[in-house]
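# Summary of the model geometry
These are the residues of each chain, in order.
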Amino acid sequence: MQLTKKTRNLLFALFAMLLAVFFGLELALGSVSLPLGEVWNWLRGAETDPTARALLGTFRLPKAIVAVTAGAALSASGLQMQTLFRNPLAGPYLLGVSSGASLGVSLFLIGIPVLGLPLSAEWVRNLGVAGAAWVGSAAILTIVFAAATRVKEIMAVLILGMMIGSGATALVEILQYLSPESALKSFVVWTMGSLGGVSSSQLWILVLFVAAGLLLSIFLIKPLNLLLLGESYARTLGQNTRRVRTMIFAGTTLLAGTVTAFCGPIAFIGIAVPHITRMVFRNADHRVLMPASMLIGAVVMLGCDIIAQLPGMDMVLPINTVTALVGIPVVIAVIVKNHKFF
Amino acid sequence: MAVVGTNTGICIKGLTLGYKNGSGGGRILCREAGLEVAPNTVCVLLGRNGTGKSTLLRSIARVHTPLTGEIFIGENAVWRMTDRELSEVVSFVSTEIVNTRNLAVWDMVGLGRAPYTNWIGQLAESDSQAVARAIELVGMGGFERKSISSLSDGERQRVMIARALAQDTPVMVLDEPTAFLDVPNRYEIALLLCSLAHKHGKTILYSTHDLEVALQLADRLCLIVDGRFSTGTPEELIQNGVIDTLFERSPLTFDPATKQIKLTL
């Protein structure tokens, strides 16, 4: 039985509150913990300690915004891919889309000094990184989808995606090995992946293009619902499946590609969050799943980053390790229970 | 909005179906075949596995492209219509089992309204009425909030038919709607399709391997044997021995007197 509308709205409100709480905690916690009252004062523009103000404004607020953006983006793209591939294990990371973005970015970062391109302006360079990530992820997505239409088996598609992703990663490593030292440094910094390493011009590009991707996702709600029936049925219901597929590719590329471009590959958020959403909301309708996945994705990402800060300690864990440890149990549960989602 | 039909039949001319493969080979299922289904009747497709029943049905729904030939729905050629136009005249129920978890019966049938709903698929008052009526017609009233994955095969098939009904098209094409069902369910589904054609103005073409059901509940039969289409009423096809050709090269024979299949060893 489905949840009633009232329960559903209550759940939405609950997760919105959780988002606000986690956002506050993300701002307050870190190597130096700030009292929540101080954070609140700063947020409403009241008198604040100058060091706290600098820490919040230049570091923690951008990072919190990146976490919310990345979480929502990866979850929305994972949901789209799971419905398009009709595969509960599809996601931007496991199907190689993130690796494709990495390949694009590494080609770009290593290509600039080699070709001697005069990309001095920071925002031009950042747009280039994003564009390279889009091209890379779109290319991998096209290859994996073409393969998936021939091999229908869910696990086989997954293995194919991982193979193609591993291939892209191998190429990235070769590039890394061959690249001049000057290019290597900026590249290695990028591959470590972090939510905090996003500069303000990168933040703007990230937020802008992810917002475009999320908007596109909203317009994909009806087509995605029809795709629950499969492409044949969707066509007999008047859907231009080729156009819809292109739009989903564009959406996924914008979302997963842009996030990967600036935060590095982040694993398991895209695959796990749609499942958490389905479990919580007990619904298959994308009118519920899409906004709920974005919301829960933002909450989970903030939660992971709070854990990664190891509050009270002087260390920071790579965000990728935390998202993997949070996401993998969900994925294992899906495989073990052999949930038939499609 | 009521689920109303218009007098629209199916007319197929010069149809060649088959699959080409890259090396110039391939397989031709039928050549230059024709078929006519009169408005508001039930026509049942019979034929052994691999004779092209599904391919024919999929061609009418334009999920498959025939090699040559024309398919008309009423006056309009299928290939000339837009996706949207076609979706308003032909609905299709395939053999594909949709078993999405957490998808409610109401939402599933509501997807049939896709050609008429807005950008986000919101059901308007008239859409909700069409969905409620379709669910009622297939006898699934009271199941609206249940998930389709919790239904039996027979119930799920009814929901798939309700989804096609909600699409509100004059022509309905169904690929083996009685497969996987027990005997009472097969008859109930076939009876349902009959009443949709005779009482609700639908034109229905479906395939089945269930000869007994077809002989009793079809207005006309179309047999595909060796790429040839033979059409007629069940009586005619029994009399002229066409039904027998279904059992060539098998240890079975058809007894016209009892209308039953006999095993001769």
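Residues numbered from 1 in each chain as written. Chains lettered and ligands numbered in written order. Predicted model: local features only at pLDDT ≥ 70, side-chain atom pairs only at ≥ 80, totals over all residues.

With that settled, consider the overall build of chain B. Within chain B one finds nine helices and 12 strands. In terms of overall size, chain B behaves like a compact globule, its C-alpha atoms giving a radius of gyration of 19 Å where 265 residues would be expected to give roughly 18 Å. Overall, the C-alpha framework of chain B stretches about 55 × 40 × 35 Å when taken along its three principal axes. Buried positions account for 44% of the 265 residues belonging to chain B. At a minimum sequence separation of 6, the contacts of chain B that also span at least 24 residues come to 67%. (Helix = DSSP H or I, 4+ residues; strand = E, 2+ residues; numbered from the N terminus. Rg over C-alpha atoms; globule rule 2.2 N^0.38 Å. Buried ≥ 20, exposed ≤ 12 C-beta atoms within 10 Å, placed from the backbone. Contact = placed C-beta atoms within 7 Å.)

Okay, the environment of Asp210(B) next. Secondary-structure assignment places Asp210(B) in the loop between strand E8 (203-207) and helix H7 (211-217). Considered as a pair, Asp210(B) and Val183(B) are 27 residues apart in the sequence and their alpha carbons are 9.8 Å apart.

Right, let's talk about the sheet that holds E8(B) for a bit. Residue and element names in this part refer to chain B. Read from one edge to the other, the open sheet built from six strands follows the order E6-E7-E8-E3-E9-E10, with strand pairing classed as mixed. Of all strands in the sheet, those bounded by a partner on one side alone are strand E6 (90-93) and strand E10 (228-232). If you compare each strand with its neighbour and ignore which way they point, the axes differ by 15° on average. Direction of pairing for strand E3 (residues 42-47) relative to E8: parallel, over a ladder of four bridges. Following the sheet pairing, Val-44 is matched in E8 by Tyr-206. Of the strands in this sheet, E3, E6, strand E7 (171-174), E8 and strand E9 (220-225) are in contact with helix H1 (residues 53-60), which crosses E8 at around 150°. Across the sheet, helix H5 (residues 153-166) touches E6 and E7, and the angle it forms with E6 is around 170°. (Pairing = 2+ DSSP bridges. Axes fitted to C-alpha atoms, helices over the stretch in contact; angles between N-to-C directions.)

Before going further, it helps to examine helix H6 (residues 183-200) of chain B. All names here are of chain B. For H6, built from 18 residues, the straight-helix expectation of 26 Å at 1.5 Å per residue is met to within 8% by its first-to-last C-alpha distance of 25 Å. Taken residue by residue, H6 has Arg-186, Ile-189, Ala-190, Leu-192, Leu-193, Leu-196 and Ala-197 as its buried positions. The arc that holds the buried residues of H6, viewed along the axis, is 150°, so those residues lie on one side. Turned more than 90 degrees away from the buried face of H6 sit Val-183, Pro-184 and Lys-199, all of them exposed. (Expected span 1.5 Å × (residues − 1). Arc of directions from axis to C-beta.)

Across the contact, 28 residues belong to chain A and 27 residues belong to chain B. Looking at the side of chain A that touches chain B, the elements that each hand over two or more residues are helix H9 (221-227) and helix H10 (231-236) of chain A. Of the residues belonging to the side of chain A that touches chain B, the class tally is 11 nonpolar, 10 polar and seven charged. (Nonpolar A, V, L, I, M, F, W, Y, C, P; charged D, E, K, R; others polar.)

Residues and elements named next belong to chain A. Between helix H12 (residues 269-281) and helix H14 (residues 319-337), the least distance of the axes is 9 Å, while the angle of their chain directions is 55°. If you check the angle between H12 and H14, you find them oblique. The handedness of the crossing between H12 and H14 is left-handed. Contacts between H12 and H14 involve Ile-269, Ile-271, Ala-272, His-275 and Ile-276 from the former and Thr-323, Gly-327, Val-330, Val-331 and Val-334 from the latter. For the contact of H12 with H14, the residue count by class is seven nonpolar, three polar and no charged. (Parallel < 35°, antiparallel > 145°, perpendicular 65-115°, else oblique. Left-handed = near helix turned anticlockwise from the far one by under 90°.)

All quantities given are derived from atomic positions and should not be read as evidence of function.
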